[in-house]
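The chain contents come next:
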Amino acid sequence: LIDYNEKALAEAKQAIEKEYTNAKVITVVADVSKEDDVKHYVDETVKAFGRIDGFYNNAGIEGKQASMADYDMDVFKRVIDINLMGVYYGMRYIIPIMQKNNYGRIVNVASVGGIRGVLNQTPYVASKHAVSGMTKNAALEYGKFGIITNAIAPGAILTPMVAEAFKQANASDPKAAETEYAKANPTKRLGLPEEVAKVVVFLLSEEASYVSGQTIAIDGGESNTYGFV
């Protein structure tokens, strides 16, 4: 488990070990926007387990909501550093480990913002489109080594990051912003983290052995719509 938040890492480790008593879990504090930090967490993982079979490349931030011409450049660069470079560094250092074993499963986290536009989120959309593109290239370049690479494109999933976006949209009543947003979804609701996890587990498994280079939307079908439904 990798995160910059040491307390959250410890809590996640404890929760996993409580439910899966035979699990071996290590945690590494890292900022994925720093290449040395990424190399370190890869080295620590190999040291602990001897190999890396699966990689869920998940770290990301939304940034702030602002129009393209008015976007804060420091925030823009931070979004790119985490969402794009963090994903790239992970693949850069993990793929050679997987090559040695002629086996690997990589799941990168893009977004519906990686398959369509999202108002007032230019760096987020740019970074997530880039993740989708890198996923395609990794599949092309490393499939011959038994490395299967895919991306997921979650829509609005009820996570702390999305909750923060609703606060930005309507500080006085974030729940109203959530309800209004959900109206546009064919299912009339937002997704749950568990629904994303099930797709990730599939893509990391042997069951997905001939699925590679894909960006799979997990959004209740909303990315197929034009306007409100």
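Note: the structure precedes this text.
Residues numbered from 1 in each chain as written. Predicted model: local features only at pLDDT ≥ 70, side-chain atom pairs only at ≥ 80, totals over all residues. Heavy atoms only, no water.

S.K.: Before we move on, could you go through the pattern of salt bridges and cite the residues and values that matter?
M.R.: Counted under the stated rule, the structure contains eleven salt bridges. Between Glu180 and Lys183 there is a salt bridge, with its nearest N and O atoms 3.1 Å apart. (Salt bridge = Lys/Arg side-chain N within 4 Å of Asp/Glu carboxyl O.)

S.K.: Could you give an account of the environment of Asp3, naming the residues involved and the relevant values?
M.R.: Secondary-structure assignment places Asp3 in strand β1 (residues 2-3). Assessed through its relative accessible area of 26%, Asp3 is described here as partly exposed. Linking Asp3 and Val32, residues 29 residues apart in sequence, is a C-alpha distance of 8.1 Å. Apart from residues no more than four positions distant in its own chain, Asp3 is found in contact with Leu9, Val28, Val29 and Ala30. A polar contact is formed between the side chain of Asp3 and the backbone nitrogen of Asn5, at a distance of 3.1 Å. (Helix = DSSP H or I, 4+ residues; strand = E, 2+ residues; numbered from the N terminus. Buried < 20%, exposed > 50% of the residue type's maximum accessible area, 1.4 Å probe, protein only. Contact = heavy atoms within 4.5 Å. Polar contact = N/O pair within 3.5 Å; in protein donor to acceptor, adjacent residues only side chain to side chain.)

S.K.: Please set out helix α7 (residues 193-203) residue by residue, giving values where relevant.
M.R.: Here α7 has its buried residues at Val196, Val200 and Leu203. The buried residues of α7 all sit within an arc of 60° when viewed along its axis, so they share a single face. When the buried face of α7 is taken as reference, the exposed residues oriented beyond 90 degrees from it are Glu194, Lys198 and Val201. Buried positions along α7 lie against β3 (54-57), β4 (104-109), β5 (147-154) and β6 (215-218). (Arc of directions from axis to C-beta.)

S.K.: Please set out the nonpolar core residue by residue, giving values where relevant.
M.R.: In this structure, Tyr41, Met91, Ile94, Met98 and Ile106 are the most contacted members of the largest nonpolar core, which totals 25 residues. At the level of secondary structure, the elements contributing two or more residues to this core comprise α2 (35-49), α3 (73-101), α4 (122-142) and β5. Of all the elements, α3 adds the most residues to this core, at ten residues. Those residues within four positions of Ile94 in sequence are excluded, and the remaining contacts are Tyr41, Val42, Ile52 and Phe55. Counting residues in hydrophobic clusters, the runner-up holds nine residues, among them Val109, Val196, Val200 and Ile218. (Core = buried A, V, L, I, M, F, W, Y, C linked by side-chain atoms within 4.5 Å.)

Just geometry here; none of it tells us what the structure is for.
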